[in-house]
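# Structural description and commentary
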Amino acid sequence: MQVRAGRNRTGSQRFLCRACGHSYTPEPKAAGHDEAKRKVVLTSYVCCMGVRDSARLAGVSPQAAANWIKAAIAEAKQEQEDGILEPGSLLSHVLVESERREVEERLRVRRGKV
């Protein structure tokens, strides 16, 4: 006999087998954020917003936003090395923005403003 046994973190219904005690989710939902939130974070980062502001806008944690930006920069650098980075793509804008921010950071350090 199967009975309902609450919900998991993603909101899917859990069930419990009374005969053997096995607990399971018949149709689990995927964990994590959808691709639309990732695109919002990357687009807002390119538009000169900070990581925390980008995360707040998308409704995700700042660490998740930082991880996505870091991964996008790495992916863009790899595509640039392979010669397949399309000009005008979101990844190319992320790469340009990250390089601009690195240069600004170096100038601040050189001027002693950090």
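The rules we used
- Residues numbered from 1 in each chain as written.
- Predicted model: local features only at pLDDT ≥ 70, side-chain atom pairs only at ≥ 80, totals over all residues.
- Heavy atoms only, no water.
- Helix = DSSP H or I, 4+ residues; strand = E, 2+ residues; numbered from the N terminus.
- Rg over C-alpha atoms; globule rule 2.2 N^0.38 Å.
- Buried < 20%, exposed > 50% of the residue type's maximum accessible area, 1.4 Å probe, protein only.
- Contact = heavy atoms within 4.5 Å.
- Areas by Shrake-Rupley, 256 points an atom, 1.4 Å probe, with all protein chains shown as cover.
- Lys, Arg positive; Asp, Glu negative; His and termini not counted.
- Charge placed at Lys NZ, Arg CZ, Asp CG, Glu CD.
- Core = buried A, V, L, I, M, F, W, Y, C linked by side-chain atoms within 4.5 Å.
- Phe/Tyr/Trp six-rings, centres within 6.5 Å; stacked < 30°, edge-to-face > 60°.
- Lys NZ or Arg CZ within 6 Å of the ring centre and 35° of its normal.
- Pairing = 2+ DSSP bridges.
- Axes fitted to C-alpha atoms, helices over the stretch in contact; angles between N-to-C directions.
- Parallel < 35°, antiparallel > 145°, perpendicular 65-115°, else oblique.
- Nonpolar A, V, L, I, M, F, W, Y, C, P; charged D, E, K, R; others polar.
- Polar contact = N/O pair within 3.5 Å; in protein donor to acceptor, adjacent residues only side chain to side chain.

### Details of the overall build of the protein chain
- Check the secondary structure of the protein chain and you find four helices and three strands.
- In sequence order, the protein chain lays out its α and β elements as β-β-β-α-α-α-α.
- In terms of overall size, the protein chain is more extended than a compact globule, its C-alpha atoms giving a radius of gyration of 21 Å where 114 residues would be expected to give roughly 13 Å.
- Relative to its full complement of 114 residues, the protein chain shows a buried share of 26%.
- Counting only contacts in the protein chain whose residues sit at least 6 apart along the sequence, the fraction spanning at least 24 positions is 29%.
- Working note: accessible area of the protein chain is about 8,100 Å², and carbon and sulfur atoms make up 53% of it.
- Taking the average place of the 20 positive charges on the side chains of the protein chain and the average place of its 14 negative ones, the gap between the two points comes to 11 Å.

### Thoughts on the nonpolar core
- Counting 18 residues, the largest nonpolar core has Val41, Val60, Ile69, Ile73 and Val94 as its most contacted members.
- Elements with a contribution of two residues or more to this core: α1 (35–46), α2 (51–58), α3 (62–82) and α4 (90–111).
- Per-element tally for this core: the top contributor is α3, with seven residues.
- Excluding residues within four positions of it along the chain, isoleucine 69 makes contact with Val41, Leu42, Tyr45 and Val51.

### Quick look at the packing of aromatic side chains
- Taken as a whole and assessed by the stated rule, the structure comprises one aromatic pair.
- With 6.0 Å between their ring centres and 25° between their planes, phenylalanine 15 and tyrosine 24 make a pair best called stacked.
- Its relative accessible area of 21% is what places phenylalanine 15 among the partly exposed residues.
- With relative accessibility at 27%, the residue tyrosine 24 sits in the partly exposed group.
- Here arginine 101 stacks its cationic end above the ring of tyrosine 45, 4.1 Å away from the centre of that ring.

### Let's talk about the sheet that holds strand β1 (residues 2–7)
- Taken together, the three strands give an open sheet; going across it, the order is β1-β2-β3, and neighbouring strands pair in antiparallel fashion. Single-partner strands in this sheet number two, and they are β1 and β3 (23–24).

### Observations concerning the packing of α3 against α4
- Between α3 and α4, whose axes approach to 9 Å, the crossing angle comes to 105°. Of the possible angle classes, the one that applies to α3 and α4 is roughly perpendicular. Side by side, α3 and α4 meet where Ala72, Ile73, Glu75, Ala76, Lys77, Glu79 and Gln80 of the first sit next to Leu91, Val94, Leu95, Ser98 and Glu102 of the second.
- Here the contact of α3 with α4 is built from residues that sort into six nonpolar, two polar and four charged.

### So, the side chain of threonine 25
- Here threonine 25 is to be found in the loop between β3 and α1.
- Engagement of the side chain of threonine 25 in a polar contact is seen with the side chain of arginine 14, the distance being 2.5 Å.
- Ignoring any residue separated from it by four or fewer positions in sequence, one finds threonine 25 in contact with Asn8, Ser12, Gln13 and Arg14.

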